[in-house]
Amino acid sequence: GAGVSQSPSNKVTEKGKDVELRCDPISGHTALYWYRQRLGQGLEFLIYFQGNSAPDKSGLPSDRFSAERTGESVSTLTIQRTQQEDSAVYLCASSLVGGRGSSYNSPLHFGNGTRLTVT
Amino acid sequence: AQTVTQSQPEMSVQEAETVTLSCTYDTSESNYYLFWYKQPPSRQMILVIRQEAYKQQNATENRFSVNFQKAAKSFSLKISDSQLGDTAMYFCAFMKTRHEKLTFGTGTRLTIIP
């Protein structure tokens, strides 16, 4: 079956422009995450969607960052007025969550990421 | 807040040898999950192994095993009979049982030398 798909694979943009990154999760996965990975560093949590619940936006670094998800399908991460420090790989992941009260946490399935370069 | 520490930025080992990657974490939770993910140059994060904190037995997946020391908050990964395809970044990660956000360490770059 298809895995998590992200597009574009690479994006080069000029400082000050807006960019939109797309993530198609695995069909049936209710949870979707966005992470940022700067060069040579670990993964930094940005935002988490779970079904119809309010998203956990606690990791978004500034109000220039926003994300949306349509139901349990595609998600877009938007960065407005990009800055050079936004240059990173943006990784999306999805998982099948067991639901409230469940002790089962399924592993995250990651996409190949979008490498964003702000010049 | 949880923190995950990987104190070895880089490691290298000869093919067929055994290597151990270290990971420590800090949490006040009593029940949680720990993971090791592998990230090859393709950038995709691949789950290697997972451990549930309430289980005493160390998880094993073929050549990969963990040494989980709950009291010491240590979760090391052992790779036996290492292969060239094991060359990658390895990330240790923590997840609360009922809050599915993963917290990652900074990673260890592992190189298998032919």
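Note that the structure is a prediction, hence the values are computed from the model and not measured.

Chemist: How would you sum up the overall build of chain B? Please name residues and give values.
Modeler: Check the secondary structure of chain B and you find 0 helices and 12 strands. When its helices and strands are written in sequence order, chain B yields β-β-β-β-β-β-β-β-β-β-β-β. For a compact globule of 114 residues, the expected C-alpha radius of gyration is about 13 Å, and chain B comes in at 14 Å, within 12% of that figure. Principal-axis analysis of the C-alpha atoms gives chain B an extent of 40 × 25 × 20 Å.

Chemist: Give me the lowdown on the pattern of salt bridges, citing residues and values where you can.
Modeler: All names here are of chain B. Counted under the stated rule, the structure contains 8 salt bridges over all chains. A salt bridge links Glu 29 to Lys 96; the nearest nitrogen and oxygen atoms lie 3.9 Å apart. Of this pair, Glu 29 sits in the loop between β4 (24-26) and β5 (32-39) while Lys 96 sits in strand β10 (residues 88-96), and the two are 67 residues apart along the sequence. Ionic contacts of the salt-bridge type, sharing partners, join the residues Arg 50, Glu 52 and Lys 55 into one network.

Chemist: Outline the layout of surface pockets, supporting the account with residue identities and numerical values.
Modeler: Approximately 440 Å³ is the volume attributed to the largest pocket. Around the largest pocket sit 22 residues that line it, and Gln 37, Leu 39 and Arg 115 of chain A together with Gln 39 and Arg 109 of chain B are the ones nearest its centre. Elements represented by at least two residues in the lining of the largest pocket include exactly β8 (88-95) and β10 (114-118) of chain A together with β10 and β12 (108-113) of chain B. Split into classes, the residues belonging to the lining of the largest pocket amount to 10 nonpolar, 8 polar and 4 charged.

Chemist: Describe the state of the cysteines, listing the residues and the values that go with them.
Modeler: Taken as a whole and judged by the stated rule, the model has 2 disulfides over all chains. Disulfide partner of Cys 23 of chain A: Cys 92 of chain A, at an S-S distance of 1.9 Å. What sets the handedness of the Cys 23 of chain A and Cys 92 of chain A disulfide is the S-S torsion sign, and at about -65° it is left-handed. Of this pair, Cys 23 of chain A sits in strand β3 (residues 19-24) while Cys 92 of chain A sits in strand β8, placing them 69 residues apart in sequence. With its sulfur 2.0 Å from that of its partner, Cys 23 of chain B forms a disulfide with Cys 92 of chain B. Sign of the S-S torsion, about -70° for the bond between Cys 23 of chain B and Cys 92 of chain B, identifies this disulfide as left-handed. With Cys 23 of chain B in the loop between β3 (19-21) and β4 and Cys 92 of chain B in strand β10, the pair connects residues that are 69 residues apart, well separated along the chain. Accessibility expressed as a relative area gives 1% for Cys 23 of chain B, which makes it buried.

Chemist: I'd like to hear about unusual backbone geometry, residue by residue, with values.
Modeler: For the bond running from Ser 7 of chain A to Pro 8 of chain A, omega is -10°, close enough to zero to count as cis. Looking at the secondary structure, you find Pro 8 of chain A in the loop between β1 (5-7) and β2 (10-13). A positive phi angle, near 55°, is found at Lys 73 of chain B, a position not held by glycine. Along the chain, the position of Lys 73 of chain B falls in the loop between β8 (64-69) and β9 (74-79). Backbone geometry at Asp 81 of chain B places phi at a positive 45°, although glycine is not the residue there. Of note, Asp 81 of chain B is situated in the loop between β9 and β10.

Chemist: Help me get a handle on the environment of Tyr 35 of chain A, residues and values and all.
Modeler: As for its position among the elements, Tyr 35 of chain A is in strand β4 (residues 31-37). It is 7.3 Å that separates the C-alpha atoms of Tyr 35 of chain A and Ile 47 of chain A, two residues lying 12 residues apart in sequence. A polar contact is formed between the side chain of Tyr 35 of chain A and the backbone oxygen of Leu 102 of chain B, at a distance of 2.9 Å.

Chemist: Let's hear about the sheet that holds β1 of chain A: which residues, and what values?
Modeler: Residues and elements named next belong to chain A. Within the open sheet, the 4 strands sit side by side as β1-β3-β7-β6. Their pairing is antiparallel. Only two strands of the sheet have a single neighbouring strand rather than two, namely β1 and β6 (65-69). Each strand of the sheet is rotated relative to its neighbour by a mean of 15°, with strand direction disregarded.

Chemist: Hey, could you go over the pairing of β8 of chain B for me, with residue numbers and the actual values?
Modeler: Residues and elements named next belong to chain B. With 2 bridges joining them, strand β7 (residues 60-61) and β8 adopt antiparallel strand pairing. Residue Glu 61 lies in a different strand from β8, and its bridge partner there is Phe 64. The pairing of β8 with β9 spans 6 bridges and is classified as antiparallel. Looking across to β9, one finds that Gln 69 is bridged to Ser 74.

What counts and what doesn't
Residues numbered from 1 in each chain as written. Chains lettered and ligands numbered in written order. Predicted model: local features only at pLDDT ≥ 70, side-chain atom pairs only at ≥ 80, totals over all residues. Heavy atoms only, no water. Helix = DSSP H or I, 4+ residues; strand = E, 2+ residues; numbered from the N terminus. Rg over C-alpha atoms; globule rule 2.2 N^0.38 Å. Salt bridge = Lys/Arg side-chain N within 4 Å of Asp/Glu carboxyl O. 1 Å grid on protein atoms, 1.4 Å probe; cavity = no way out; pocket = protein on both sides within 12 Å on 5 of 7 lines; lining within 4 Å. Points joined across faces, edges and corners; volume = space filled by probe spheres on them. Nonpolar A, V, L, I, M, F, W, Y, C, P; charged D, E, K, R; others polar. Disulfide = S-S within 2.5 Å. Buried < 20%, exposed > 50% of the residue type's maximum accessible area, 1.4 Å probe, protein only. Polar contact = N/O pair within 3.5 Å; in protein donor to acceptor, adjacent residues only side chain to side chain. Pairing = 2+ DSSP bridges. Axes fitted to C-alpha atoms, helices over the stretch in contact; angles between N-to-C directions.

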